[in-house]
Amino acid sequence: MRVFVTGASGWIGSAVTDELLANGHEVVGLARSAESAAALVAKGATAHRGTLDDPDGLAAAAAAADGVIHLAFNHDFSDYAGAGRTEHTAVQRMLDALAGSDRPFLVASGLASGVTGRPLTEDDPSPFRGADSMRGGSENLALDHADRGVRSVALRFSPTVHGVDDHGFTAELTRLAKRHGASGHIGDGSSRWPAVHRSDAARMVRLALEKAPAGSRLHAVAEEGIPSRDIAAAIAEHLGLPTVSIAPEDAEAHFGWLGHFFGMDITASNTRTRQLLDWTPTGPTLLEDIAAGAYARAA
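The structure contained in this document is the topic of the report that follows. Please read all numbers here as calculations on a predicted model, not as lab measurements.

Read across the open sheet, the three strands follow the order 7-9-11; overall the sheet is mixed. Only two strands of the sheet have a single neighbouring strand rather than two, namely strand 7 (160-162) and strand 11 (223-227). Between one strand axis and the next, the sheet turns by 40 degrees as a mean value, whatever way the strands run. Inspection of the sheet shows strand 9 (residues 192-197) paired to strand 11 by three bridges, in the antiparallel sense. When the bridges of strand 11 are listed, Ala-195 appears paired with Glu-223. Those strands touched by helix 7 (residues 198-211) are strand 7 and strand 9, and its axis lies near 75 degrees from that of strand 9.

Here's what the structure looks like:
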């Protein structure tokens, strides 16, 4: 398949690009810069110069592809509402370009939901709808097109997609531990995060492209929920630092923008995803990655 991939040079997207190319697919990757374009070309992909702020260009690239994997998002915390509206418009235009074709449209999403007291499952719908909601309501926007001739699929990624040189949440926690001289967790550290290794996430995306039916919600989850105290302890042990508890009211002062996310208790099942795709995560766990030095550069 000729696949248009947004975010193709990002942390998850670059692994997805490698996975697709290794399995005989052709990749056209959205590239914001000459550097990103060159990296894609060096892998054997084709670069499509543009940004999420160019819906006409995105629609044209989607129309010329056999399928779309939309992984890019403008993580601008200074204007998160604006980023959501940009996302909504971009997704809508690409969906319009694919309408009636039965071609796949895979959209990146997250595991945040209103579900409490049990793990989130693939049967649980996202509560976010509309351009002003989280991520522009793109998951529901895409899935609403499943009966409009688009094989739309929601890719719900764990908060931590880990691996060597990951620059996401765990890398930031590592930097904060180094800065403060201690690795912290909030309260008793019972809040949990799901996690998945980057290679497993990429393989799940490729399998979803190849065989997930329209309207599927898929969970890129290998570990259902890791207590934040265990994450903090693993970072502390690797850095040779103590572990400390941070009072909830002091979380923002200690963790900055990450304080809100680190205090969220999220668990998610992967049962339906494993069965549907015949997908079994095989990569190292998050704590194994931390112990092996995956975040040494962040420190």
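Here we take up the layout of surface pockets. By volume, the second largest pocket amounts to about 180 Å³. As for the second largest pocket, its lining consists of 13 residues, of which Val-115, Thr-116, Asp-265, Ile-266 and Thr-267 are closest to the centre. When grouped by side-chain class, the residues that make up the lining of the second largest pocket number six nonpolar, four polar and three charged.

Empty pockets left among the atoms are what a rolling probe the size of a water molecule brings to light. For the structure on display, the rule yields one cavity of 30 Å³ or more. For the largest cavity, the full set of lining residues is Leu-173, Leu-176, Ala-177, Ala-182, Ser-183, Gly-184, Ile-231, Ala-232, Ile-235, His-254, Phe-255 and Phe-262. Its residues assigned to classes, the lining of the largest cavity comprises nine nonpolar, three polar and no charged.

Counting buried positions over the eight residues of strand 6 (residues 150-157) gives eight, a clear majority of the element. On strand 6, burial covers both faces: Val-150, Ser-152, Ala-154 and Arg-156 on one face and Arg-151, Val-153, Leu-155 and Phe-157 on the other are all buried. Bridging between strand 5 (residues 103-109) and strand 6 involves seven bridges; their strand directions are parallel. Its bridge partner lying in strand 6, Ser-109 is registered against Arg-156. Taken together, strand 5, helix 5 (residues 138-143) and strand 6 form a β-α-β motif whose crossover is right-handed. Note: strand 6 against strand 10 (residues 216-220), five bridges, orientation parallel. The partner of Ala-154 across the bridge, within strand 10, is Arg-217.

Of the two faces of strand 8 (residues 183-186), the one holding Ser-183 and His-185 and the one holding Gly-184 and Ile-186 are both buried throughout. Bridge count for strand 8 against strand 12 (residues 243-246) is four bridges, and the pairing is parallel. Looking at the pairing, His-185 lines up with Ser-245 of strand 12.

Before going further, it helps to examine the environment of Val-150. Structurally, Val-150 can be placed in strand 6. You can call Val-150 buried: its relative accessible area is 2%. Expressed as a C-alpha distance, the spacing of Val-150 and Ala-214, which sit 64 residues apart in the sequence, is 7.1 Å. Apart from the residues within four sequence positions on either side, Val-150 is in contact with Leu-95, Leu-98, Ala-99, Arg-103, Phe-105, His-145 and Ala-214.

Calculation criteria
Residues numbered from 1 in each chain as written. Predicted model: local features only at pLDDT ≥ 70, side-chain atom pairs only at ≥ 80, totals over all residues. Heavy atoms only, no water. Pairing = 2+ DSSP bridges. Helix = DSSP H or I, 4+ residues; strand = E, 2+ residues; numbered from the N terminus. Axes fitted to C-alpha atoms, helices over the stretch in contact; angles between N-to-C directions. Contact = heavy atoms within 4.5 Å. 1 Å grid on protein atoms, 1.4 Å probe; cavity = no way out; pocket = protein on both sides within 12 Å on 5 of 7 lines; lining within 4 Å. Points joined across faces, edges and corners; volume = space filled by probe spheres on them. Nonpolar A, V, L, I, M, F, W, Y, C, P; charged D, E, K, R; others polar. Buried < 20%, exposed > 50% of the residue type's maximum accessible area, 1.4 Å probe, protein only. Right-handed = clockwise from strand over helix to strand, strands pointing away.

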